[in-house]
Each structure stands twice: as structure tokens, then as C-alpha cells.
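# Understanding the architecture of this molecule
Single-letter residue listing:
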Amino acid sequence: MAVDLLLGLQWGDEGKGKIVDVLTKNYDIIARFQGGPNAGHTLEFDGIKHVLRTIPSGIFHKNNVNLIGNGVVIDPVVFVKELEGLDQYQIDYKKNLLISRKAHLILPTHRLLDAASEASKGKAKIGSTLKGIGPTYMDKTGRNGIRVGDLEFDNWEEKYRALADKHEAMIGFYNVNIEYDLADLEAEFFSAIEILKTLTFIDSEEYIAQAQKDGKTILAEGAQGSLLDIDFGTYPFVTSSNTTAAGACTGLGVAPNKVNGVFGIFKAYTTRVGSGPFPTELFDDVGATMAKVGNEFGAVTGRPRRCGWLDLVALRYAVQINGVTELIMMKADVLSGFEKIKVCTAYNYNGKNVEHLPYSIDAAHITPVYIELEGWNDDLAGITNETDLPKALNDYISFIENELQIPITIVSVGPDRTQTIHRNSR
Ligand code: GDP
Ligand code: IMO
Ligand code: MG
């Protein structure tokens, strides 16, 4: 059986958690393939909001297996807090939550290194979530990391000590003032490790291969978004993993010819949290209204998200790199009430209009070119059927589909699970 992928096409926070939860009923296994607790995936149902960090967004469905793949980096401390948050839902973790032995561990000193690195950069900081993501992936590619599977062997604590000592020396190189009490951090870390060890560790690539032979259906859940991809994003203002489709192959051990649907998810406008270029960013009342109506505050850090119009140049690029087969448009309700809706269709780059993403999308090098579409005033929150969508929104949807030549199969009109319109006509 083939594997479907669900990926963010912008700078993250597109609404991946909500849609994975909605689609889980169609799959046997939901598998996260990259990123770590820098992610905050929000699900809302029965009037309750849940934010997941490392645990896949299928966890509330009792009949699914949720898998944390080898491409993910796990912070035992955050992970245990996440488990505690789910305590009241009687989830059978032993059975429904499986962890790859090859996933890397985020150590307390990785978080400290993240903080030291950011502090040393001053104004040029990435705007990291400071969860230790960059330093952990650096140790992975530098071949120094500690993996979940190591916890099954006696000598892992020696490895830990050597690495943590090295990290402490490295923190010293950054000439910044980072205060910490490593003994405290380690006490918390080692007690979280004991809880982590009660979960089921697996050779996830074997598990997935067998599941495919058994005809099981798998949905791979991405974290972050394509423009935060380490290779294809707005480097260096990116995260440290491959957030794009290929990342699902390496992050789970799925062969490229086993990938079927690639569901690309995007907001009806654009947001970004942290530093880095953002061509369509709005600094006026329109942007402030989007932020307010869309409640655009980071699910992990609470930082305000920068807001702007939809950027079709960036979206076209993400569609191409991921091989998107279906589009999912989120937060259409947030655009209700604007008289006109602008869409960036090209960038002016060196005096010429270009439709591809140039090497630099800094404001110094490009200017977005917009077209204007009619807005709509209708409150979309209660709409459940595609035939009830306002004409101007349908026109907006058709315009995007036409530009990208990919169907939009789902339109989301509110944070709740039920506020999801399947466009069966597509
Ligand atoms: P993720 O990281 O991609 O899972 O997205 P986040 O959870 O970080 O951010 C998406 C935010 O938008 C969350 O607060 C969701 O509850 C909310 N949300 C998702 N879909 C919609 C929608 O269609 N309309 C509105 N108004 N909010 C939505
Ligand atoms: P989800 O999965 C939005 C951003 C950070 C920063 C940059 C690097 O919820 O969509 P890192 O912590 O990886 O060193 O931060 O990437 N970032 C996200 N922005 N959503 C996320 O995840 C993000 N994860 C990281 O703000 O700019
Ligand atoms: Mg998020």
C-alpha cells in the first residue's frame, strides 16, 4: 500500500494538526517524520483545544497507530509533559504510540547551545523556538548524537556524559551569558528518560515495510513548512530538517515509489513566526486584522505571527518541490470582511517580473506584484457544504487552483474538527 503525505507549504502553522486529525479516520497509521518540539499542532473538538508537539495528530483516535519516525528529534522532558497532558483520555500508549529506535534525543545541553547560538547572533538571530532543534540535528549529521535505541544499552550514560561535557565547553566558546543549573536540568531529563523507556521502541522502517505488505494505510504528518526546509527554505532562517516530501522518505524509511498522495496545506493568507524574509508581509491595519481575527500567536512560544497576503510565487515553488497532488486551504474564515483581497502573483526582481522563487527574496532584492480580487462579508464559521460558500470565495479558490493547476479538495472555515468543507466536486 502506498503512503500519503501531509505537508505545510508555507512557513509552518498552516493547520496541519487539525487536518491530520480530520483525515485520521481514513488511515491505519499516522507517522511524524521530522522536526521535534519546535512544532505546535493544534486540534480542536468537543470545545477543547489540544496542542501536540512530538506526538502525531492521530492520537485521539483509539484505533490508529501513531508513530514517531527516525527523522524526528525527541526531547524526553517535553515529551513526558505532552503525555501528562493526555492522561485523562485513556490512550493506550503501549499500543497506539510507537517510537523509532533511530530517532535522536534532544539533551538539556542542546537547548542551552540553541540559546547560546541565538544570543551570540544578536540582531541576526534565526528566531528559533529554542527547543534545541538545530544543535540536535547538528549532532545527528556530525555523527555524535544519542538515539532512542541507545537507551536499551548500558553504556548510553557514558556517551551522554561525554557529549554533555563537550556541549558545556562549546557553550563557553560563545561569549554570551547563559545562566543554567545543569544538575537540575539533568535530574528532570533522567527522570523523563525513565518514563520514555516504558514506551514501545521499534525498528520503524521494518514496521512500516510490514504494514505496507499487510495493506495498511499510512499518512505521514509533516511539521513546520516548505519555506522552513533546510535545503529549500529561506536559509539561514529555516529549521534544521527537510520539511518537504523527500523528508518523509528519509524520516520514515519509505521508498519514493511508495508515496502516493501529497496533500499540501496552506493558509488563505500567509504567516511567519521568527526572523527572515517575508515578501507579502503587511505592516498596516490589514495585517493587524488578520493577526487578530486569525488569533495568530505561536502555539509553542506564544510569539505574535507576522501576517500578509497569499504569496503564489512561494506557493508554486512549494507545490513543485513537494509534487503536491491535492491542496488544502485553511482559515478562509479569517479573510471574511476584507473589501478586496490581494494575491501576490509574481516578484519584481531586477526590474523584471519573475514567477519562480529567486535565490534571495529579501525586500532589498524583490518587490511583490499583486492582483486584487473581490472580498466577501459572509460569516463562514457555520458552513458545512461547499455549495453554501460565497461566490467571491469560490472565485478566490478557482483563481488559486487555476494558477497552481492543482485542485483544492478541502477548505477549512474554523479551528474545530467539524468546520471542514470537503469539496467533493473536485
Ligand atoms: P500547525 O502547526 O500546522 O498544526 O498549525 P497551528 O496549530 O500551529 O496553527 C494553526 C492555528 O489555526 C491553530 O490555532 C488552529 O486551531 C487554528 N485553525 C486551524 N484551522 C483554522 C481555520 O480554518 N480557521 C480558523 N479561524 N482557525 C483555524
Ligand atoms: P509547526 O509544525 C512555525 C520557525 C521558528 C524559527 C525557525 C527555526 O507548528 O508548523 P527552530 O526552533 O526550528 O530552530 O526555529 O523556524 N519554526 C516554526 N514556525 N511553525 C513551526 O512548526 C515551526 N518550527 C520552527 O520560529 O523562525
Ligand atoms: Mg504550529
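Structure: see above.
### Section: the side chain of Thr24
With respect to the element layout, Thr24 can be found in the loop between helix 1 (16-23) and strand 2 (29-32). The class of Thr24 is buried, set by a relative accessible area of 0%. Here Thr24 is in contact with Ile30, Ser57, Gly58, His61 and Asn64, once residues within four sequence places are set aside.

### Points about the environment of Thr271
With respect to the helices and strands, Thr271 occurs in strand 12 (residues 270-272). Note: C-alpha distance between Thr271 and Arg306 (35 residues apart in sequence) is 5.3 Å. Residues in contact with Thr271, not counting those within four places in the same chain, are Trp11, Gly12, Phe278, Glu296, Arg305, Arg306 and Cys307. At 2.8 Å, the side chain of Thr271 forms a polar contact with the side chain of Lys267.

### Re the sheet that holds strand 2
The strand order across the open sheet formed by 10 strands is 9-7-5-2-10-1-11-15-19-20, and the pairing between neighbours is mixed. The open sheet has two edge strands, strand 9 (200-202) and strand 20 (420-422), and neither has a second partner. Neighbour to neighbour, the strand axes of the sheet diverge by 25° on average, direction disregarded. Strand direction decides the pairing type here: strand 7 (residues 97-100) and strand 9, joined by 3 bridges, are parallel. Residue pairing for strand 9: Ser100 is matched across the bridge by Ile202. Here helix 12 (residues 391-404) sits on the sheet in contact with strand 11 (259-267), strand 15 (326-330) and strand 19 (408-412), set at roughly 145° to strand 15.

### A closer look at the site of ligand 1
If you check the shell around ligand 1, you find 19 residues, and the closest are Gly15, Lys16, Thr42, Asp333 and Ser412. In this structure, a nitrogen atom belonging to ligand 1 sits 2.7 Å away from a side-chain N or O atom of Asp333. Broken down by secondary-structure element, the contributors of at least two residues to the shell around ligand 1 are helix 1 and strand 3 (41-45).

### As for helix 1
The element helix 1 is largely enclosed, with a buried count of 8 among its 8 residues. Taken together, the buried positions of helix 1 are Lys16, Gly17, Lys18, Ile19, Val20, Asp21, Val22 and Leu23.

### A few points about the site of ligand 2
Residues in close proximity to ligand 2 total 20 residues, the closest being Asp13, Lys16, His41, Thr129 and Thr239. At a separation of 2.9 Å, an oxygen atom of ligand 2 approaches a polar side-chain atom of Asn38. One nitrogen or oxygen atom from the main chain of Gly40 is found 2.9 Å from an oxygen atom belonging to ligand 2. Look at ligand 2: alone it shows 550 Å² of surface, and the protein chains cover 97% of it. Within the shell around ligand 2, the residues separate by chemical class into 7 nonpolar, 10 polar and 3 charged.

### Quick word on the coordination of the magnesium ion (ligand 3)
Looking at the metal site, the magnesium ion (ligand 3) is ligated by Asp13 (OD) and Gly40 (O), spaced 2.1 to 2.2 Å from it. Here Gly40 lies in the loop between strand 2 and strand 3 and Asp13 lies in the loop between strand 1 (3-8) and helix 1, a separation of 27 residues in the sequence. Relative accessible area serves as the criterion here: at 22%, Asp13 is assigned to the partly exposed category.

### Examining the side chain of Ser360
One can find Ser360 in the loop between strand 17 (352-354) and strand 18 (366-374). Side chain to side chain, Ser360 and His365 meet in a polar contact 2.6 Å long. Residues within four places of Ser360 in sequence aside, it is in contact with Tyr349, His365 and Ile366.

### Some thoughts on the packing of helix 6 (residues 156-173) against helix 7 (residues 182-196)
Where helix 6 meets helix 7, the axes come as close as 14 Å, and the angle between the chain directions of the two elements is 150°. Here helix 6 lies roughly antiparallel to helix 7, going by the angle between them. Taken as a pair, helix 6 and helix 7 cross one another with a handedness that is right-handed. For the pair formed by helix 6 and helix 7, the contact residues are Trp156, Glu157, Tyr160, Arg161, Ala164 and Glu168 on the first element and Leu182, Glu186, Phe189, Phe190 and Ile193 on the second. Residues that form the contact of helix 6 with helix 7 fall into these classes: 7 nonpolar, no polar and 4 charged.

How each quantity is defined
Residues numbered from 1 in each chain as written. Chains lettered and ligands numbered in written order. Predicted model: local features only at pLDDT ≥ 70, side-chain atom pairs only at ≥ 80, totals over all residues. Heavy atoms only, no water. Helix = DSSP H or I, 4+ residues; strand = E, 2+ residues; numbered from the N terminus. Buried < 20%, exposed > 50% of the residue type's maximum accessible area, 1.4 Å probe, protein only. Contact = heavy atoms within 4.5 Å. Polar contact = N/O pair within 3.5 Å; in protein donor to acceptor, adjacent residues only side chain to side chain. Pairing = 2+ DSSP bridges. Axes fitted to C-alpha atoms, helices over the stretch in contact; angles between N-to-C directions. Near = heavy atom within 4 Å. Areas by Shrake-Rupley, 256 points an atom, 1.4 Å probe, with all protein chains shown as cover. Nonpolar A, V, L, I, M, F, W, Y, C, P; charged D, E, K, R; others polar. Donors = N, O, S within 2.8 Å, 3.2 Å for Na, K, Ca; no water. Parallel < 35°, antiparallel > 145°, perpendicular 65-115°, else oblique. Left-handed = near helix turned anticlockwise from the far one by under 90°.

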